[in-house]
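Spelled out from the first residue to the last, the chains are:
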Amino acid sequence: MNPPSQVATGRPVPAAVYRGRLAPSPTGYLHLGHARTFWAAQERARLHGGVLILRNDDLDSTRYRMEFVDAMIEDLRWFGFAWREGPDCGGPFAPYNQSGRMDVYRAALDRLSAGNFIYPCTCSRKDIQNAVTAPHAADDELVYPGTCREKPGWRMADGGLNSDFAVRNSKFSWRFRVPDGGAISFTDGNLGGQNFVAGRDFGDFVVWRHDDVPAYQLSCAVDDAAMGITEVVRGADLLVSTARQILLYRALGLTPPDFFHCALMLDEAGLRLAKRHDVLSLRTLRGQGLLPESLRRDWNPSDKAG
Ligand code: GLU
Ligand code: ZN
């Protein structure tokens, strides 16, 4: 006898499997603010009957410490997170440690270079501060004034990097040239319509750092695409980064995922939680005998305000 067909069950077949991710950076102990955003990510994946993955964003070797990777995994488990793919359990898109994925980022950089989307920038942070006159939000990077945009001599006729330039400038970063005045619009799954203007809300941004490390914008966009992420759940502090990353998706010919930005958790003074709030690290809370269920009693993934 033939087995009953899928169709006969009448079960709707999802168009695509939802894939969400937790992407912590092991630069300190995780605190309650991370847990809250991650909890929203896990709830979204569960709601969609999807898969949650854990990615270890460990590229920043100047700030990252191995002990934090182990602590991160232990703290996430304690809090009640469960992932299907990750650095500890592997999966079809391994490796899940960004430090093991340099070839993927290099290939993306080459594609940006071939498409003439990037240029080398020799400015120091001081140079940029001195050149910028417009006011800017304190917590976002300065709008780069474009100093190195039209610098001649770095490109050979065939489009490659001129080795003389590389020798003369031992340290330079690669910047993405944003389309000035270009609109970037997307509908956020939590916050609704979002509109940004390139060159006004943010300027040319670094995709490869002068210390030869891929910048967050590039590694994140490239990995979310490579790992088949269908929805990125992250803090609302990263809305402008999402706009930058959408430009990278376009330049690399990739389809962006959906986005769901969560309200940030604020402390009693109305400031956002940062890693310096050590009293709220998951480690400390656990040491005090607090239970994860009580810590997340009032959490709602769709909260619009802190
Ligand atoms: N590793 C990044 C962070 O912790 C990921 C941010 C994101 O969700 O894109 O800030
Ligand atoms: Zn520059």
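Cut-offs and rules
- Residues numbered from 1 in each chain as written.
- Chains lettered and ligands numbered in written order.
- Predicted model: local features only at pLDDT ≥ 70, side-chain atom pairs only at ≥ 80, totals over all residues.
- Heavy atoms only, no water.
- Donors = N, O, S within 2.8 Å, 3.2 Å for Na, K, Ca; no water.
- Tetrahedral: all angles 85-135°; square planar, octahedral: opposite > 155°, others 65-115°.
- Helix = DSSP H or I, 4+ residues; strand = E, 2+ residues; numbered from the N terminus.
- Buried < 20%, exposed > 50% of the residue type's maximum accessible area, 1.4 Å probe, protein only.
- Contact = heavy atoms within 4.5 Å.
- Near = heavy atom within 4 Å.
- Polar contact = N/O pair within 3.5 Å; in protein donor to acceptor, adjacent residues only side chain to side chain.
- Areas by Shrake-Rupley, 256 points an atom, 1.4 Å probe, with all protein chains shown as cover.
- Pairing = 2+ DSSP bridges.
- Axes fitted to C-alpha atoms, helices over the stretch in contact; angles between N-to-C directions.
- Core = buried A, V, L, I, M, F, W, Y, C linked by side-chain atoms within 4.5 Å.
- Right-handed = clockwise from strand over helix to strand, strands pointing away.
- Phe/Tyr/Trp six-rings, centres within 6.5 Å; stacked < 30°, edge-to-face > 60°.
- pLDDT = per-residue confidence, 0-100.
- Salt bridge = Lys/Arg side-chain N within 4 Å of Asp/Glu carboxyl O.

1. Quick look at the coordination of the zinc ion (ligand 2)
All of the protein donors around the zinc ion (ligand 2) are Cys121 (SG), Cys123 (SG), Tyr144 (OH) and Cys148 (SG); their distances to the metal are 2.0 to 2.3 Å. One can describe the site at the zinc ion (ligand 2) as tetrahedral: its four donor atoms subtend angles covering 98 to 124° at the metal. In terms of primary sequence, the donors binding the zinc ion (ligand 2) are separated according to C-x1-C-x20-Y-x3-C. With a gap of 25 residues between them, Cys123 in the loop between β3 (118-121) and α5 (125-131) and Cys148 in the loop between α5 and α6 (163-168) connect regions that are remote in the sequence. Exposure class is identical for Cys123 and Cys148. Each is buried.

2. Focus on helix α7 (residues 216-226)
Among the eleven residues of α7, eight are classified as buried, and the element is accordingly described as predominantly covered. Buried residues of α7: Gln217, Leu218, Ser219, Cys220, Ala221, Val222, Asp223 and Asp224, and no others. Of the surrounding elements, those touching the buried residues of α7 are β1 (19-22), α4 (102-114), β7 (205-208), β8 (231-235) and α8 (239-252). At the exit of α7 stands Gly228, carrying a positive phi of roughly 65°.

3. Regarding the site of ligand 1
All residues in the neighbourhood of ligand 1 are listed as Arg21, Ala23, Ser25, Asp57, Tyr216, Cys220, Arg234 and Leu238. Note that a nitrogen atom of ligand 1 is positioned 2.8 Å from one of the side-chain N or O atoms of Ser25. For ligand 1, whose accessible area on its own is 300 Å², the fraction buried by protein is 77%.

4. With respect to the sheet that holds β7
Across the sheet, which stays open at both edges, the three strands sit in the order β3-β4-β7 with antiparallel pairing between neighbours. Of all the strands in the sheet, just β3 and β7 have a single pairing partner and so form its edges. Strand-to-strand twist in this sheet, taken as the mean axis angle between neighbours without regard to direction, amounts to 45°.

5. Observations concerning the nonpolar core
Core analysis: the biggest nonpolar cluster contains 48 residues, and Leu112, Trp174, Phe176, Phe202, Val207, Leu218 and Leu248 have the highest contact counts within it. Secondary structure elements with two or more residues in this core: β2 (51-54), α4, β3, β4 (173-176), β5 (183-188), β7, α7 and α8. With residues near it in sequence (within four places) discarded, Trp174 still touches Leu109, Ile118, Tyr119, Pro120, Trp154, Leu161, Phe205, Val206, Val207 and Trp208.

6. Some words on the pairing of β1
Residues Arg19 and Arg21 point to one face of β1 and Gly20 and Leu22 to the other, with burial holding for every one of them. Strand direction decides the pairing type here: β1 and β2, joined by four bridges, are parallel. Considered in β2, the bridge of Arg21 is made with Ile53. Tracing the backbone out of β1, into helix α2 (residues 32-47) and back to the parallel element β2 gives a crossover that is right-handed.

7. Remarks on the packing of aromatic side chains
Counted under the stated rule, the structure contains 15 aromatic pairs. Both rings, one in Trp154 and one in Trp174, keep their centres 5.7 Å apart while their planes meet at 75°; by these two values the pair is edge-to-face. Here Trp154 is found in the loop between α5 and α6, whereas its partner Trp174 is found in strand β4, with 20 residues between them in sequence. Looking at Trp174, the relative accessible area reads 11%, which means it is buried. Note on Phe186 and Phe196: the rings are 6.4 Å apart at their centroids and 15° apart in plane angle, and the pair reads as stacked. Of this pair, Phe186 sits in strand β5 while Phe196 sits in strand β6 (residues 192-197), placing them ten residues apart in sequence.

8. Quick word on the pairing of β4
The side chains of a regular strand alternate between both faces of the sheet. Going residue by residue along β4, you find Ser173 and Arg175 tucked away on one face and Trp174 and Phe176 tucked away on the opposite face as well. Relative to β4, β3 runs antiparallel, the two being bridged by four bridges. Looking across to β4, one finds that Ile118 is bridged to Phe176.

9. Observations concerning the confidence of the model for the chain
Within the chain, residue pLDDT values average 89, and 90% of them lie at 70 or more. Contacts for the low-pLDDT stretch residues 1-9, under 50 throughout, to residues beyond four places or in other chains number zero contacts.

10. Examining the pattern of salt bridges
In total, this model carries 20 salt bridges according to the counting rule given. The salt bridge partner of Asp75 is Arg286, with a shortest N-O separation of 3.6 Å. Taken together, the residues Asp75 in helix α3 (residues 66-79) and Arg286 in helix α9 (residues 282-287) connect sequence positions 211 residues apart. For Asp75, a relative accessible area of 1% gives the class buried. For Arg286, a relative accessible area of 32% translates into the label partly exposed. As a salt-bridge pair, Asp223 and Arg101 come within 2.7 Å of each other at their nearest N and O atoms. Residue Asp223 is found in helix α7, and its partner Arg101 is found in the loop between α3 and α4; the two are separated by 122 residues along the sequence.

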